[in-house]
Amino acid sequence: MVNYGGLRFDFKEPGAAKRCAERLVAMRKTLAPLRARKKDSSLLLATWNIRDFDSNDFGFGPRLPETFYYIAEMISCFDLVAVQEVNRDLSALQKVMRILGREWDYIATDVTEGTSGNGERMAFVYNTEKVWFRKIAGEIVLPDGQLVVSRKKVKAPKDQPDIEPKIEEMKQQFARTPFLVAFQSGWFRFSLCTVHIYFGDDSGEKLKRRVAEIERLVDFFAKRQDKERKLTGEGMKPLDRGREAENYILLGDFNVVSPEHETMQALAANGFEVPEEIDGAHMPNRDHFYDQIAVRATDEHFKVLGGGIVDMYADVFRSTPEDMELYEKFVPKKDPEKNEKFRATTPQKLYEKWRTWQMSDHSPLWIEIQTDFAESYLKNIVDGK
């Protein structure tokens, strides 16, 4: 259960603790149907890009003390959450962990260096009473022959202005290194790989690099699993834990444009599938598709029981005159966005942009996975299998 003890001393602003408590009550009511799905026989798995958590590099102000409670309340609805855009400084994540309570733990990556890495970490936050770490974790490094191939325009030296720019082909690793961790919940053993795929641009060579990263990732794990299947042999008995190939789940911010786009085609390839509970056809009102969960399962008992996306702003930082007025003093007087094209042009748009640095500009995406295979195992013994 979430630890609300800090509500009595975390707030210096008069009335902020009461405001936070009121909104937490509303959140708990809204999220009750999702929380009710938590049970011993299944796993609630989610992915959430918590925007720039929590550097304030973009000038929208640090997160308010109450926001950490709202984020913790959201995470607590699940059993295991892949979190992207965790900052180099882990203090924001550690605040959330304190609020979640002692039964929760996390595993985080190192920061991927370089401009494309953005000083970001990725993390898995999980309830130790439902999920256990199988002592395997690592960052995915592509071998020779499987590197991401991209093309970059290289300008001529300043003292040679008459020379045309040339295109150079580069072979490189991921902009932000994917992170693989092996877990188990109930009978279900699986390896999760969380990603934050390179964005670049909406077209041209930078889009091609984005697609190439997704393709290389999917191909890497498909080849790994196929190799494991060969090693296990054809005569493997069901639920023979010592010999079966691993179940792989890829999740995170893939910067997928739409269900029909080439970015999605790259993800749903080589045997990886996006569960129908969260695909475009079953979520027609979804306004963005950056975040995805794709599965390549070998376990014959694997089953997705449900899925969805959570409305973060149903009860907090709402688009209402009341909340706009309430938080007006925290919103910048003008948009600090450097690119004029993306600057908010009205107070409403500026407030709605500001709140994405409180919660996020990505919504939590989740699936429920069956994890109790005991009956099948016992029946196989009864049937002599």
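Structure: see above.
Rules and cut-offs
- Residues numbered from 1 in each chain as written.
- Predicted model: local features only at pLDDT ≥ 70, side-chain atom pairs only at ≥ 80, totals over all residues.
- Heavy atoms only, no water.
- Axes fitted to C-alpha atoms, helices over the stretch in contact; angles between N-to-C directions.
- Helix = DSSP H or I, 4+ residues; strand = E, 2+ residues; numbered from the N terminus.
- Parallel < 35°, antiparallel > 145°, perpendicular 65-115°, else oblique.
- Left-handed = near helix turned anticlockwise from the far one by under 90°.
- Contact = heavy atoms within 4.5 Å.
- Nonpolar A, V, L, I, M, F, W, Y, C, P; charged D, E, K, R; others polar.
- Buried < 20%, exposed > 50% of the residue type's maximum accessible area, 1.4 Å probe, protein only.
- Arc of directions from axis to C-beta.
- Salt bridge = Lys/Arg side-chain N within 4 Å of Asp/Glu carboxyl O.
- Pairing = 2+ DSSP bridges.
- Phe/Tyr/Trp six-rings, centres within 6.5 Å; stacked < 30°, edge-to-face > 60°.

Q: Could you clarify how one ought to interpret the packing of helix α1 (residues 16–35) against helix α2 (residues 65–75) in this entry?
A: Between α1 and α2, the shortest axis-to-axis distance is 10 Å and the interhelical angle comes to 15°. Considering the angle they form, α1 stands roughly parallel to α2. Every pair of crossing elements has a handedness; the one defined by α1 and α2 is right-handed. Between α1 and α2, the residues in contact are Arg19, Cys20, Arg23, Leu24, Met27, Arg28, Leu31 and Arg35 and Glu66, Tyr69, Tyr70, Glu73 and Met74, respectively. Each residue belonging to the contact of α1 with α2 can be placed in one class, and the counts come to 7 nonpolar, no polar and 6 charged.

Q: Before we go on, may I ask you to explain the side chain of Thr67 in this structure?
A: Of note, Thr67 is situated in helix α2. For Thr67, a relative accessible area of 0% puts it in the buried group.

Q: I keep staring at helix α7 (residues 347–354) and nothing clicks. Help me out?
A: Three or four residues apart is the spacing at which side chains of an α-helix point the same way, because the helix has 3.6 residues per turn. What α7 keeps buried is the set Leu350, Tyr351, Lys353 and Trp354. On an axial view of α7, the arc spanned by its buried residues comes to 160°, and they lie on one face. Summarising the contacts, the buried residues of α7 are in contact with α6 (321–326).

Q: Even after reading the chapter, I still don't get helix α3 (residues 91–100), so can you show me in this structure?
A: Where α3 is concerned, the buried positions are Ala92, Leu93, Val96, Met97, Ile99 and Leu100. The buried residues of α3 occupy an angular sector of 160° when projected down its axis, which confines them to one face. Buried residues in α3 make contact with β1 (42–53), α2, β2 (80–87), β3 (104–108) and β4 (120–127). Where α3 ends, the next residue or the one after it, Gly101, has phi of about 110°, a positive value.

Q: Help me out: how do you make sense of the packing of α2 against α3 in this one?
A: The relative placement of two packed helices is expressed as an angle between their axes plus a distance between the axes. With their axes 9 Å apart at the nearest point, α2 and α3 run at an angle of 60° to one another. In this structure, α2 meets α3 at a crossing whose hand is right-handed. Across from Phe68, Tyr69, Ile71, Ala72 and Ile75 in α2, the residues of α3 making contact are Ala92, Lys95, Val96, Arg98, Ile99 and Leu100. Its residues placed into classes, the contact of α2 with α3 shows 9 nonpolar, no polar and 2 charged.

Q: Looking at this structure, I do not really get the pattern of salt bridges. What am I missing?
A: Working definition: two side chains of opposite charge can pair if their charged atoms are close together. A full pass over the atoms with the stated rule returns 25 salt bridges. Between Glu368 and Lys39 there is a salt bridge; the shortest N-O distance is 2.6 Å. One end of the pair, Glu368, is in strand β13 (residues 365–370); the other, Lys39, is in the loop between α1 and β1, and 329 residues separate them in sequence. One salt bridge in this structure joins Glu375 and Lys379, with 3.4 Å as the shortest N-O distance. You can see Glu375 and its partner Lys379 sitting in helix α8 (residues 374–382), 4 residues apart, about one turn around the helix. Of the residues examined, Lys379 reaches a relative accessible area of 47% and is grouped as partly exposed. Through salt bridges that share partners, Glu13, Arg19, Glu66 and Lys329 make up one connected network.

Q: Can you walk me through the environment of Phe133 in this structure?
A: Here Phe133 shows up in strand β5 (residues 132–139). Between the C-alpha atom of Phe133 and that of Pro332, which follows or precedes it by 199 residues, the distance is 42 Å. Those residues in contact with Phe133 that lie beyond four places of it in its chain are Ile107, Tyr126, Val181, Ala182 and Phe183.

Q: I keep staring at unusual backbone geometry and nothing clicks. Help me out?
A: Across the junction of Phe53 and Asp54, the peptide omega takes the value 15°, indicating a cis bond. The phi angle at Asn270 is positive, at roughly 55°, despite the residue not being glycine. By secondary structure assignment, the location of Asn270 is in the loop between α5 (262–267) and β11 (291–296).

Q: What is the right way to read the pairing of β4 from this model?
A: Residues in a regular strand point their side chains to alternate faces of the sheet. The element β4 is extensively covered by neighbouring structure, given that 8 of its 8 residues are classed as buried. Burial along β4 is two-sided: the residues Glu120, Met122, Phe124 and Tyr126 and Arg121, Ala123, Val125 and Asn127 are all buried. As paired strands, β2 and β4 are joined by 7 bridges and run antiparallel to one another. Residue Val81 lies in a different strand from β4, and its bridge partner there is Val125. Pairing analysis gives 5 bridges linking β3 to β4, with the strands arranged antiparallel. Its bridge partner being in β4, Ile107 is matched across the sheet by Phe124.

Q: Is there a simple way to think about the packing of aromatic side chains in this case?
A: For any two aromatic rings, the description comes down to two numbers: the centre-to-centre distance and the angle of the planes. Scanning all chains against the criterion turns up 20 aromatic pairs. Here the aromatic residues Phe124, Tyr126, Phe133, Phe179, Phe183, Phe188, Phe190 and Phe302 are joined through ring pairs into a cluster of three or more.

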